[in-house]
Amino acid sequence: MKKALTFLLMRWAVCACQQQPAPVATDQVNTLVGNAGYVAATGHAPTTVTNDDARVRAHLAFAERRLRQSPAAGLSPALAARRAHLLDLLHRYWVAGVFPRNYDFPGERRPCFIDRDGRLCAVGFLVAETAGRAAAERINAAHQYELIADMRTPALGQWVRHSGLTKVECALIQPSYGAPVNTPAPVPVPVPTSYAVGSAVWGGVNVMLAAANASQLNQTGVGRGVAYAGVLSGTGQVLLGALRLRDDEAGTGYYIGWNPPAGKSHAAERTVSYVNIGAGTATLALGFWNLLHHRPAGAGRTAVGVVNYNGSGSGLVLTRRF
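These numbers were taken from a predicted model, which means no experiment stands behind them.

Draft legend 1. Local environment of the overall build of the protein. Each helix and strand counted, the protein has 11 helices and four strands in total. Burial analysis of the protein (322 residues in total) assigns 35% to the buried set. For the protein, the proportion of contacts with a sequence separation of at least 24, taken over those separated by at least 6, is 66%. Accessible area of the protein: about 18200 Å², with a carbon and sulfur share of 62%.

Draft legend 2. Highlighting the packing of aromatic side chains. Scanning the entire structure with this criterion turns up three aromatic pairs. Measuring from ring centre to ring centre gives 5.1 Å for Y93 and F125, while their planes differ by 35°; the resulting arrangement is tilted. Residue Y93 is located in helix α4 (residues 77-96), and its partner F125 is located in helix α5 (residues 122-131); the two are separated by 32 residues in the primary sequence. The residues Y93 and F125 share a single accessibility class, namely buried. Ring centres of F105 and Y145 lie 4.9 Å apart, and the angle between their planes is 75°; this geometry places the pair in the edge-to-face category. Of this pair, F105 sits in the loop between α4 and α5 while Y145 sits in the loop between α6 (133-143) and α7 (154-161); the two residues are 40 residues apart in sequence, bridging distant segments of the chain. Judged by relative accessible area, which is 8%, Y145 ranks as buried.

Draft legend 3. Main features of the nonpolar core. Grouped together as the largest cluster of nonpolar side chains are 42 residues, with contacts concentrated most on L60, L90, F113, L126, V127, W159 and I173. Broken down by secondary-structure element, the contributors of at least two residues to this core are α3 (52-69), α4, α5, α6, α7 and α8 (167-173). Other than its neighbours up to four places away in sequence, W159 contacts L86, L126, V127, T130, A131, L165 and C170.

What counts as what
- Residues numbered from 1 in each chain as written.
- Predicted model: local features only at pLDDT ≥ 70, side-chain atom pairs only at ≥ 80, totals over all residues.
- Heavy atoms only, no water.
- Helix = DSSP H or I, 4+ residues; strand = E, 2+ residues; numbered from the N terminus.
- Buried < 20%, exposed > 50% of the residue type's maximum accessible area, 1.4 Å probe, protein only.
- Contact = heavy atoms within 4.5 Å.
- Areas by Shrake-Rupley, 256 points an atom, 1.4 Å probe, with all protein chains shown as cover.
- Phe/Tyr/Trp six-rings, centres within 6.5 Å; stacked < 30°, edge-to-face > 60°.
- Core = buried A, V, L, I, M, F, W, Y, C linked by side-chain atoms within 4.5 Å.

In C-alpha cells form, the structure reads like this:
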C-alpha cells in the first residue's frame, strides 16, 4: 500500500511538471548563454523596457554565428550538408523577425514552440521547413512551452538525429519570450494656438463675406467686390484646411514587433481643418455664384427712344432689359 501511494504521488508530480514547465529566469533570453547575444550586439545588457523581439533577434544571430564557427566533428557529408542548410534557414528566420508570443504566462519568460496565432519558434521553424508542419504541430501538442532539454517526444528526437545538430545546439538556438505588451494608445496633440486663432479669425471673416454674397444674389446695382473677396478668401481657407490635414504619427525609435513607443494623434487639428475646408467652400461657392449672376446697375431699366425709318417717318421704341 505504501509503495502504491508513493508511486501515485510520483506520477502526480511528473504530470504537474509536464503541465507547468519551469519558467526561464525572467531576465535571460536563453538558458545556456543568457543575454550574451544582446550584449554582443549592443554592448550592454537588456533592461526591463528593452524590446523583446530585439532581444530574440540578437540572440538568434548570436547562436547562428556560434554554430557556424564550431561545426560538429564527425558528421557524414550528408549530415554536414543538412546542418549547413538548417543554419541558412535559421538566418532567414531571424532576419524575417516573425517570432511567437508567450500569451499564457504573463510575468514569466517561456519558450513557445508554436503560439495561438501559428507563429513558430526558431527550432519549430526548422522542423516545419525540413520535416513538415505536421511534425512541428506534434511536438507543439506535447511540449508547447517547454525547454528543448525537457522535451521527450519521439518526433523531436528523430528529427534531431537526422539534422546534423545536437540537442544541446537546439537548446542554444531556443529563445524564451516575455508576455506581449499592448500597443500604447497615441497621445493626443492639442491644436497649435496660432492655427486655432487664425482659423477662428479667418472663419469669422468668411462668415461675413458669405452673408454679404448671399444678400446680393440677383440684386441689381451692386459691385463685384464682395463676390471677388468671397472667392479669394474662401479659396484661401480651403487651402489652409487641406494643408493642415495631418496624419497620426507612429512612435519613433528602434523596435521589432513589440513594445512600440506611443505615437501622436492629430485628430483635434484635423477637426479644425475640416471646419476650415467646409467654411471656405461655402464662402467660395456663394462668391462664385454671385459673380456668375452679377447684374450691373441699370441693366433692368426701361428705355424709350426715337427711330427714323429711311426718311419716311419716325416712331418711338420702348426697350426693356431683363
